[in-house]
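# Observations on chain architecture
Given next are the chains, with one letter for each unit.
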Amino acid sequence: MRPLARASAIAAVIIGALASAPIDAVLAQSAPKAEAGFVVSELPIHLKVGSGAAERDGTLFFTDMGTGKVLRVDPGSSPTLLATLPVGVDVMGFPTGPYKVAVEGDRLLVTQGWQDVNRSEGPQDHALLSIEPGGAVRVISRGFWNPYGLAPTGADWFVVDGGKNALFLLSQGSSEPIEYFAFPRIHHAASALQSLSPTEFPTGQPYDVDAVPTGVAVGNGVVYVALFGGFPFPDGGGEIVSIPIVATNRQARVQVGDLNAPTDVAVDRGGGLLVLEFGRFEVGRGFAPGSGRLLRIDLATGERTVLLAGLTQPATVIPLSTGGYVVTQMGGPVLRLAPK
Amino acid sequence: MSISRALPALLITASIATTAAGGDPIPGNPLIEIPAGPFVFGSDSGNENERPRRVIEGQAFAINRTEITNAQYRRFVDATGHRSAFYGGHPVLGLDDRPVVGVSFDDAAAFCAYYGLTLPSEQEYERAARGTDGTAFPWGNAPIDATRANHGAELCCSGDDSDGYAMTAPADSFPAGASREGVLNLVGNVWEWTRDFYAPYQGQAPPDIAGKYRVLRGGAWNSDPSHLSTTYRLAYDPEFRFAANGGFRCVRSLAPAQ
C-alpha cells in the first residue's frame with residue numbers, strides 16, 4: 001500500500017508502528033471481543049506480521065510479512081513451512097513481502113511485494129507467484145507494483161494493486177495483467193482534515209486522497225474491492241465498491257461506505273459481505289491498537305453487525321468451510337471466531 | 001524582568017561563550033553563532049500569513065549547523081529512554097547520517113532540552129535562513145537548484161531524485177546551499193519544527209487556532225517550489241509524529257519562549 005501518492009506537505013507514513021511491537025504488549029492493550037453467539041480464540045501459530053490466509057478442507061495456509069514464510073497448518077498438526085519469500089520495508093515505511101494467499105488445485109497463489117527499498121529488485125518482486133506441490137516457487141506475472149489482494153475467478157485471477165490503484169484481471173496462461181478498473185480518488189470534506197493542519201487543509205476546500213485498493217472478493221456476479229483510502233484516514237473514509245463482471249462500460253458502485261480503512265473483503269456463506277477495518281487513525285498514535293473490527297454486512301438490508309472488535313491491524317478474513325472465520329492481524333495473533 | 005527570567009539569560013550567554021570555545025553540546029553538530037542585530041522578517045509576496053515584511057531587532061543565538069541526525073537522536077534515546085523516532089528503522093529514512101524524521105513537537109523539544117537547548121523560534125529560523133537583508137534563500141536570491149537543496153517534484157508533493165536523493169539526504173550535504181554563516185539545509189531536506197505556536201504575525205489568532213498548532217519551516221525532500229521558501233509557514237498538530245519529512249534542529253536562544 002502507498003497511502004500518499006498526492007501527499008500533503010507533510011508526508012506521512014502509517015502502518016508499521018505496531019507491526020514490530022511485541023504481540024504480548026499489543027494484547028495487553030486490547031482483547032478482541034466477539035459478538036454474542038461467537039467465541040474467539042487464538043490459533044496455535046505464531047506469525048511475526050500476519051498477512052494472508054486461505055483454507056481448503058480444513059487445512060489452513062498463512063503468509064507472514066515479517067519472516068516471508070508461507071505456512072501450512074493441517075488440523076491438529078504443527079505448522080509446516082512451504083516456502084520463504086522476500087520481505088522488506090517499502091519506500092514509505094510499510095512492511096512488504098508475501099501478502100495474500102489463495103488455494104488453486106494443488107498449488108498456492110501468493111501476491112508478493114518486494115524487498116527493502118534500498119536493495120536491488122529481485123526476480124520475485126511485484127509479482128503473482130505460485131508455490132507448487134514440491135515447494136518450488138514460480139513467477140506467474142510481474143506486471144504489478146503492489147499486488148495486495150487476490151481473488152481467483154474461475155480460470156482467471158483478479159488482483160488489486162495498491163500502488164497502481166487499479167483492479168487487474170490475469171488470465172490463465174498469460175503473464176500480462178489487464179487493467180480491469182482504475183479507481184478514482186476519494187473526496188473528503190476538508191473539515192475532516194483541518195484539525196491536522198490549518199495551512200495545508202484550508203477551510204472550505206475539499207481534499208481528495210488515493211483510493212488504495214487492498215482487498216478483493218468475487219461473488220453475487222460482481223467483484224468487491226476494499227478501498228483503504230489515504231492519509232490522514234478520516235473516520236468513515238474507506239469503502240467497499242462493487243464492479244459488475246461485464247465486458248465493457250464497467251462502473252463501480254459504493255456497496256458499503258463509512259468504513260475505517262478497510263483492508264479486506266470476503267463473501268460470507270449466504271452471500272453477505274465480511275469486511276475487515278484496519279482501525280481508527282489518531283494523529284498521535286497512528287492506527288490505534290484494538291480499533292480494528294470485523295463486520296458482516298447484510299447486502300439486502302445494509303445492516304452491519306460487528307462480529308469481532310478490538311483487533312490490531314487486521315489483514316485478512318476468511319470464512320471457514322466448517323463454520324466460523326479466521327482473522328490474521330499484523331499487530332496480533334491469528335484468531336478464530338467460531339459459533340457457540 | 002524577574003530574577004528567574006533574567007538568570008537563564010545570563011547562563012545562556014555564558015554557554016554561548018563556552019560554545020565558541022568548542023563546547024558544543026551535541027557531538028558532531030556544532031552550534032553556529034548568529035549575531036544580534038536588525039534583520040528582515042516576513043514577506044509581502046508570499047501567503048497572507050507571512051505578512052507583513054518588516055525589519056525587527058534580533059538577539060544573538062546559536063543554531064545547529066545541521067538538522068539533528070538519526071545517530072544523534074538515537075544517542076538521546078539510549079541515554080534517556082525516550083521513545084524512538086517513528087522511522088528510526090527505515091532502510092533509508094533511518095540511516096545514521098540522515099535527519100531524524102517521525103518525531104512530534106514534544107519529541108523534538110525534549111531532545112533539545114536534554115542538551116540545554118530549545119527549538120528555534122520562527123524569527124530565529126528566518127534570521128538564520130535569510131541573513132539580515134531578507135534574501136529569498138540561505139545562499140542568496142539565486143533560484144533553487146539541484147546543487148543547493150534536496151527538494152521534491154515541481155507538482156506537490158512527491159519526492160524526486162534529480163538532486164541525488166529520492167528521500168532525505170545526509171544532514172551535512174548540499175554545502176552549496178549553506179547560509180552565509182555556514183548553516184546547512186535550512187531550505188529542503190526536512191521540515192523543521194519551531195517552538196512557536198501558529199498565529200498571525202499581527203492581531204489575534206482565531207479561537208479555533210490559538211495555542212493549538214506549532215509551525216514548521218523550510219520545506220522538505222518532497223516539497224514543490226511553492227513550499228520551498230524561507231518564509232512559508234506550515235502549521236501542524238504538534239502531536240503528529242508520522243511525517244516522513246518532518247525533523248528539527250536546536251538553538252541556544254536568548255529570546256523568551258512564546
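One structure accompanies this document, and this report is about it. Remember, it's a predicted structure, so these values are computed and weren't measured experimentally.

Turning our attention to the overall build of chain A. If you tally the helices and strands in chain A, you get one helix and 31 strands. Within chain A, the fraction of its 340 residues that count as buried is 54%. Of all intrachain contacts in chain A linking residues separated by at least 6 positions in sequence, the fraction that spans at least 24 positions is 48%.

What follows deals with the sheet that holds strand β16 (residues 178-182) of chain A. Residues and elements named next belong to chain A. Pairing is antiparallel across the open sheet formed by four strands, whose spatial order is β13-β14-β15-β16. The sheet is open, and its two edges are formed by β13 (147-153) and β16, each paired on a single side. Strand-to-strand twist of the sheet, defined as the mean angle between neighbouring strand axes without regard to direction, takes the value 25°.

On to the pairing of strand β14 (residues 156-161) of chain A, then. Remember that side chains alternate between the two faces of the sheet whenever the strand is regular. Residues and elements named next belong to chain A. Among the six residues of β14, five are classified as buried, and the element is accordingly described as predominantly covered. As paired elements, β13 and β14 share six bridges and run antiparallel to each other. By the bridge assignment, Pro 147 is partnered in β14 with Asp 161. Hairpin connection between β13 and β14: a loop of two residues separates the two successive antiparallel strands, and Gly 154 in this loop has a positive phi of roughly 60°. As defined by bridge partners, β14 adjoins strand β15 (residues 166-170) across five bridges and the pair is classed as antiparallel.

Note on placement: Pro 99 of chain B falls in the loop between α2 (70-80) and α3 (105-114). Sequence separation of Pro 99 of chain B and Ile 68 of chain B is 31 residues, and the distance between their C-alpha atoms is 5.5 Å.

Further remarks concern helix α4 (residues 122-130) of chain B. All names here are of chain B. In terms of burial, α4 is a largely internal element, nine of the nine residues being buried. Buried within α4 we find Glu 122, Gln 123, Glu 124, Tyr 125, Glu 126, Arg 127, Ala 128, Ala 129 and Arg 130. Phi turns positive one or two residues past the end of α4, at Gly 131, with a value near 70°.

Residue and element names in this part refer to chain A. Reading across the sheet, the five strands line up as β1-β28-β27-β24-β23 and stay open at both edges, with antiparallel pairing between neighbours. Sheet topology places β1 (33-34) and β23 (262-267) at the edges, where each strand pairs with a single neighbour. One ladder, built from five bridges, connects β23 with strand β24 (residues 273-277); its direction is antiparallel. Paired with Asp 264 across the two strands is Leu 276, which belongs to β24.

The rules behind these values
- Residues numbered from 1 in each chain as written.
- Chains lettered and ligands numbered in written order.
- Predicted model: local features only at pLDDT ≥ 70, side-chain atom pairs only at ≥ 80, totals over all residues.
- Helix = DSSP H or I, 4+ residues; strand = E, 2+ residues; numbered from the N terminus.
- Buried ≥ 20, exposed ≤ 12 C-beta atoms within 10 Å, placed from the backbone.
- Contact = placed C-beta atoms within 7 Å.
- Pairing = 2+ DSSP bridges.
- Axes fitted to C-alpha atoms, helices over the stretch in contact; angles between N-to-C directions.

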